Each structure stands twice: as C-alpha cells, then as structure tokens.
Protein chains: 2
Amino acid sequence: MDNDVVRQAPLFSALDDEAATALRASMSEIKLRRGEVLFHEGDSGDRAYIVLDGKVKLGRTSSDGRENLLAILGPGQMFGELSLFDPGPRSATVTAVTDSSFTSLSHEDLLRWLDGRPQVARGLLAQIAGRLRKANDVNADLVFSDVPGRVAKALLDLADRFGRTADDGVHVHHDLTQEELAQLVGASRETVNKALADFASRGWLRLEPRSVVIMDVERLQRRAR
Amino acid sequence: MDNDVVRQAPLFSALDDEAATALRASMSEIKLRRGEVLFHEGDSGDRAYIVLDGKVKLGRTSSDGRENLLAILGPGQMFGELSLFDPGPRSATVTAVTDSSFTSLSHEDLLRWLDGRPQVARGLLAQIAGRLRKANDVNADLVFSDVPGRVAKALLDLADRFGRTADDGVHVHHDLTQEELAQLVGASRETVNKALADFASRGWLRLEPRSVVIMDVERLQRRAR
DNA sequence: CCTAACCAGTGGCCTGGGTCACAGACACCA
DNA sequence: TGGTGTCTGTGACCCAGGCCACTGGTTAGG
C-alpha cells in the first residue's frame, strides 16, 4: 500500500512522509464486493475507515424496515469516526455500492496518534464540522424543497464528487439504482423516477443505467434552489 | 463571573480550577432580551458562545423567507463552534428566546488554548460528533415520521432538557410559541396546533402558554417512535 | 383604558407525493 | 430458451399536511 492512498483523505493530506508511514503501520486493508455490508447499524465497533477505492452508502433502517441513506462516499472519504469519540453502537449500516477497498484504524491508534498532533485534531474537527454543516443543509432541504429539487441537488452533489466532464456533458457514474437515489433524497422510487424523466424530457440530462449525463448544469442548478 | 458557569458546558466540565480561571480570562459576557438577535446567518464571525442563562434558537431562513429551527439551546450549551474550524459565514441566525446571557470566546483563543490540551480537543470532538449524530436522527425523522410524531419527539426532547417533574406531570417551560415549535419540527403552525390539541384531548398533556405539562410520558413516547 | 399586535384554536379546500398495480427491459442462471 | 429476479417507466388513486380564512384571547404600548 502506498502512502498516497492515505493522503487522499483530506484529513491526512498535510502529513509529512514520516507521519504517513507511521500511520500506515497501524492500518490494515479490507475489500468488499457490491452489496456486501461492512457493518450494521447497532453493531459495536470502534474502527474508522477510509475508502481507498469504490463507493459505499451509509444507511439507516427505520423501525418499519424502510431505509434512508445519509451519504454516498468515495475514495479518500472517511467514515465511522463518530465511534471514535462518541463510542457506542454504530449509527448506520455501511454497504458497498461498487466493489470497494478500505483501510481501517482503531480507536486507540487514532486517539494516541492524535494526542501529539494538534493540527490533525483540528483537521478532524474541521472534517466533522463540515459534515455537520452539510447534515443541517440536508435538513433544511427536506423542509423547504420538493422532491424534484432534492433530486436535482443530489445529482449536482454526485456530479461534483464523481462526475467527469466530456463534450456532451458531465458524466456521472453514481452507481446507484433509482431506489437508492430515492432513499438518499428521502422520497419514493416512483416519484424520483418521474422527476428524472421530467428532467430528461426537458433536455437537462440523459438517463443511463446507474448513471446520468448532465447536459444543462445551469438549469439543473436553478431547479435545485 | 463564577468558574462554575463555564464548567456547566459539558465540554469544560473536566477542567481543573486553574484551567477554568485561565479560560475565563479570555472570555467576555453578553446579554440579550427576548427576540434580540446575536448574529445573522451569513454574517462573518469567529467566536463561539456558551449560554449562561436563558434560551436561544438557531435558525435558518430559506430563499423565500420561511424559517427553520435547527435547535433550541439552554444553559451550558455551546454554539458557533463550527466557525472555529470551518471558518466562513455563520450558517444560522441566533435569536434569544428568553432574556439570556452568554460568554464568548474567539477563534484564536480557543485554538491556542486547545493545542496543549488533547483531552479538551477530544471533548470538543465528542460534542460535535454528538451533534452530528443528532442531526442525522432529525433527518431520519423528517423522512419517516409524521408531524404528530415529530411534535411528540420534540416535546420529549425539550422535557429532557428543560422539564421539571412535579406530581401532576412534567412541566416543560419551553418558552416557544407554537409557530416556533412548528419551525423546529418542520411543519406548519396549524398542523402542530392540531397535533397538540389532539394529545391534550387524549389526556397525554395539558397546554399552557409557551409551556406544556406532560401527564403521560409513556404514551407520548410510544407516539413518537 | 382602548387599540393594535400577537398568539392559539379550528374548519375547509387542494395538491404533492406516497402507495398500488402493471408492463417492458435486461441480465443471469439452470 | 424459457424462467426468475432486478431495475426502470407510468398511470390511477388517495391522504397527510400545507395554505387560507376566521374567531377569540392575551399582552403591550400609547
């Protein structure tokens, strides 16, 4: 494993080589195939993970069995850190959306490692603070925006993180079924489908299996706010 | 100002006396009356605050002017810390719900102060992590629960933090108008009113101006999940 | 006091979106 | 090469809850 993969995580990007090597020593690698679950909501566990390759979804299940996705994470992103500071059962289920690999890091390792390095503590704080800000945004959207608006927003966010710009538009291979997309925006599969079909009929985007090509980012942004 | 007020903040509860005194030295006190605004969403600012006395609401306004409350905070609770790590415009407006007082603490002061004290950094991390967990819970509720359910949950939360148990039930002086309560749960004033009236007619609680007396916590909890 | 604001309570109408019920399109087998 | 499961596309129906319109009660300010 290369130091670079660790440095992909924004949190660790500022590390010097020696520190990265030291950190790496306390980490181990894991692989999953699409659909496999890393851990379930309610499990105990005190490891944090960084996605090296692939994508995962963080989801929670309501008492009546319906599911809600908190986030889709790709390479360089971290999850499970909450259990480091707020120990207790895992608050979400993590499932691979594509074949994926991760490194992990235990509670004690990270904490011990943190104590001497205030910059890293700050980085972690910044990371979690950003996440909190985003969670609050999602909240406001659930209250204020309609389903098409939330779908547009979700697509733009995915495009930002996973999109590749080509001359016919921004290709976004989000790897999500429409069902998953629906769980992400907090709506039913049918309604999301209709919103997507509507966007497509207006020429704002083209639908492809588990991916979209956004042809008019401008319009989509306007619809999202 | 007494060291105890600072220690009310869970974050600083573990401080020894010397540290509390040192911290206090870099803080200054502020007072607001009901309805006054401490700062607006979009303002710049890099101070964090701790509520000494009273209550505040953190709210955001949508583009079309409607408002959504993120949280109600009381004595010992901190806010504005996000701007410490994720500097930038304030992400919410803070308004006094009752006459209130606060101490504040600047960016540099806190960060400088943090560097030598890893336990405090951890405390802060734990605090923000907890907040993030809660924000995610609220998200799930917005997706899964109906308005009466969310109202019940909000009341129980307020009861937890501001309630006083008496022999006729738990008295919760939340100091919120029904309009504010509605903004907190992401619903209209009318619907919240009807939910409250329904709970009252079932004998689960008694309504009083800006407060409720919960007479059957059990039932309310069942309705909330 | 009197009047103006604000706040709580309630009924009625109307629509966004959830649920149901299918139907076509692939893909991956046995 | 039919068969079974997963995914997408769409119409029909229905209800939770938003918005509107009022009423009565309470508070604050002149």
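Residues numbered from 1 in each chain as written. Chains lettered and ligands numbered in written order. Predicted model: local features only at pLDDT ≥ 70, side-chain atom pairs only at ≥ 80, totals over all residues. Heavy atoms only, no water.

**So, the nonpolar core**
Put simply, the test is: Working definition of a nonpolar core: buried Ala, Val, Leu, Ile, Met, Phe, Trp, Tyr and Cys residues. They are joined through side-chain atoms within 4.5 Å. Buried means the residue's accessible area, taken with a 1.4 Å probe over protein chains only, is under 20% of the maximum for its type, while exposed means over 50%, and partly exposed covers the values in between. Secondary structure elements are taken from DSSP: a helix is a run of H or I of four residues or more, a strand is a run of E of two residues or more, and numbering for both begins at the N terminus. Any two residues whose heavy atoms approach within 4.5 Å at even a single point are treated as in contact.
If you look at the biggest cluster of nonpolar residues, it comprises 39 residues, and the most contacted ones within it are Phe85 and Leu114 of chain A together with Phe85 and Leu114 of chain B. Secondary structure elements with two or more residues in this core: β3 (47-53), α3 (82-85), α4 (107-115) and α5 (118-144) of chain A together with β3 (47-53), α3 (82-85), α4 (107-115) and α5 (118-144) of chain B. Those residues in contact with Leu114 of chain A that lie beyond four places of it in its chain are Phe85, Val120, Ala121 and Leu124 of chain A together with Leu125 of chain B.

**Focus on the protein's contact with DNA strand D**
Cut-off, in case you're wondering: Proximity is defined per residue: if any heavy atom of the residue lies within 4 Å of a molecule or strand, that residue is considered near it. Two N or O atoms form a polar contact when they lie within 3.5 Å of each other; inside protein one atom must be a possible hydrogen donor and the other a possible acceptor, and for residues adjacent in sequence the pair counts only when both atoms belong to side chains. Classes in brief: Ala, Val, Leu, Ile, Met, Phe, Trp, Tyr, Cys and Pro nonpolar; Asp, Glu, Lys and Arg charged; the others, Gly included, polar.
Near DNA strand D there are 17 residues, and of these Gln178, Arg189 and Asn193 of chain A together with Ser188 and Thr191 of chain B occur at the shortest range. Between DNA strand D and the protein, one listed contact pairs a phosphate oxygen with a side-chain N or O atom of Gln178 of chain A at 2.6 Å. A distance of 2.9 Å separates a base nitrogen of DNA strand D from a polar atom in the side chain of Arg189 of chain A. Of all the secondary structure elements, the ones that give two or more residues to the surface near DNA strand D are α8 (189-201) of chain A together with α6 (147-162) and α8 (189-201) of chain B. Among the elements that line the surface near DNA strand D, the one with the most residues is α8 of chain A, at five residues. Its residues assigned to classes, the surface near DNA strand D comprises five nonpolar, five polar and seven charged.

**Section: the protein's contact with DNA strand C**
Around DNA strand C, the structure places 17 residues, and the nearest of them are Ser188 and Thr191 of chain A together with Gln178, Arg189 and Asn193 of chain B. Within 4 Å of the protein, the contacting atoms of DNA strand C are 59% sugar and phosphate, with bases supplying the remainder. Within the residue set of the surface near DNA strand C, elements represented by two or more residues are α6 (147-162) and α8 of chain A together with α8 of chain B.

**Side note on the interface of chain A and chain B**
The criterion, for reference: Put simply, buried area is how much 1.4 Å-probe accessible surface two parts lose in total, over both of them, once they are put together. Should a side-chain nitrogen of Lys or Arg be within 4 Å of a carboxyl oxygen of Asp or Glu, the pair is scored as a salt bridge.
Between chain A and chain B, the contact holds 37 residues from the first and 37 residues from the second. Contact with chain B buries surface across chain A, with Leu125, Arg133 and Phe144 of chain A losing the most and accounting together for 20% of the total. Counting across the chain A and chain B interface gives two salt bridges. Where Arg60 of chain A meets Asp137 of chain B, a salt bridge forms, and the shortest distance between an N and an O atom there is 2.7 Å. Run the count over chain A and chain B and you get four residue pairs in polar contact (both at pLDDT 80 or more). Those elements giving two or more residues to the side of chain A that touches chain B turn out to be β5 (67-73), α3, α4 and α5 of chain A. No other element matches α5 of chain A, which puts 21 residues into the side of chain A that touches chain B. Within the side of chain A that touches chain B, the residues separate by chemical class into 20 nonpolar, eight polar and nine charged.

**Regarding the environment of Ala154 of chain B**
Residue and element names in this part refer to chain B. Among the secondary structure elements, Ala154 is positioned in helix α6. In this structure Ala154 comes out as buried when scored by relative accessible area, which is 12%. Taking the C-alpha atoms as reference, Ala154 lies 8.8 Å from Ala224; in sequence the two are 70 residues apart.

**Re the environment of Glu218 of chain A**
Residue and element names in this part refer to chain A. For Glu218, the location among the structural elements is in helix α9 (residues 217-224). The exposure class of Glu218 is partly exposed, given its relative accessible area of 47%. Measuring from C-alpha to C-alpha, the distance between Glu218 and Gly149 comes to 14 Å, with 69 residues separating the pair along the chain.

**Some words on the UniProt feature "domain: HTH crp-type" (unreviewed entry) in chain A**
The condition is simple: UniProt positions are given in the numbering used here, feature names are shortened, and annotations may be inferred rather than shown by experiment.
According to UniProt, the feature "domain: HTH crp-type" (unreviewed entry) maps to residues 145-218 of chain A in the numbering used here. Along residues 145-218 of chain A, the helical share is 53% and the strand share 22%, with 18 Å between the first and last C-alpha atoms.

**Quick word on the packing of aromatic side chains**
To describe a pair of aromatic rings, one takes the distance between the centres and the angle between the planes. Filter applied, for reference: Working definition: a ring pair exists when centres of Phe, Tyr or Trp rings (six-membered ring for Trp) sit within 6.5 Å. Plane angles under 30 degrees give stacked, over 60 give edge-to-face, the rest tilted. Definition used: whenever NZ (Lys) or CZ (Arg) falls within 6 Å of the ring centre and also within 35 degrees of the ring normal, the charge is taken to sit over that ring.
Scanning the model with the defined rule gives 10 aromatic pairs over all chains in all. A centroid spacing of 5.9 Å and a plane angle of 90° characterise the contact between Phe79 of chain A and Phe102 of chain A, whose relative ring orientation is edge-to-face. Of the two residues, Phe79 of chain A sits in strand β6 (residues 78-79) while Phe102 of chain A sits in strand β8 (residues 100-106), which places them 23 residues apart along the sequence. Owing to a relative accessible area of 0%, Phe102 of chain A belongs among the buried residues under this scheme. Ring centres 5.5 Å apart and planes at 25° place the aromatic pair Phe199 of chain B and Trp204 of chain B in the stacked group. Owing to a relative accessible area of 9%, Trp204 of chain B belongs among the buried residues under this scheme. One aromatic cluster is present, built from ring pairs that chain together Phe39, Tyr49, Phe79 and Phe102 of chain A. Above the ring of Phe39 of chain A, the side-chain terminus of Arg90 of chain A is found at 4.0 Å from the ring centroid.

**Points about the side chain of Glu81 of chain B**
Residues and elements named next belong to chain B. Mapped onto the elements of the fold, Glu81 is located in the loop between β6 (78-79) and α3. At a separation of 3.0 Å, a polar atom in the side chain of Glu81 contacts the side chain of Arg131. Apart from the residues within four sequence positions on either side, Glu81 is in contact with Ala48, Ile128 and Arg131.

**Some thoughts on the environment of Phe199 of chain B**
Residues and elements named next belong to chain B. Tracing the backbone shows Phe199 in helix α8. Here the alpha-carbon distance between Phe199 and Leu32, two residues 167 residues apart in the chain, equals 34 Å. In this view, Phe199 contacts Pro148, Val151, Ala152, Trp204, Leu205, Leu220 and Arg223; residues no more than four positions away in its chain are not counted.

**Description of the relation of the copies chain A and chain B**
Keep this limit in mind: Fitting of the copies onto one another was done by least squares over C-alpha atoms, counting residues only where both copies have pLDDT of at least 70.
Structural alignment of chain A on chain B gives an RMSD of 0.0 Å, achieved by rotating through 180° and translating 0.0 Å along the axis. When the rotation and shift are considered jointly, the pair of chain copies conforms to a two-fold rotation axis. When C-alpha positions in chain A are compared against the rotation axis, the closest is assigned to Leu132 of chain A, at 2.6 Å. Here 100% of the interface residues in chain A have copies in chain B that are interface residues too; the copies meet face to matching face.

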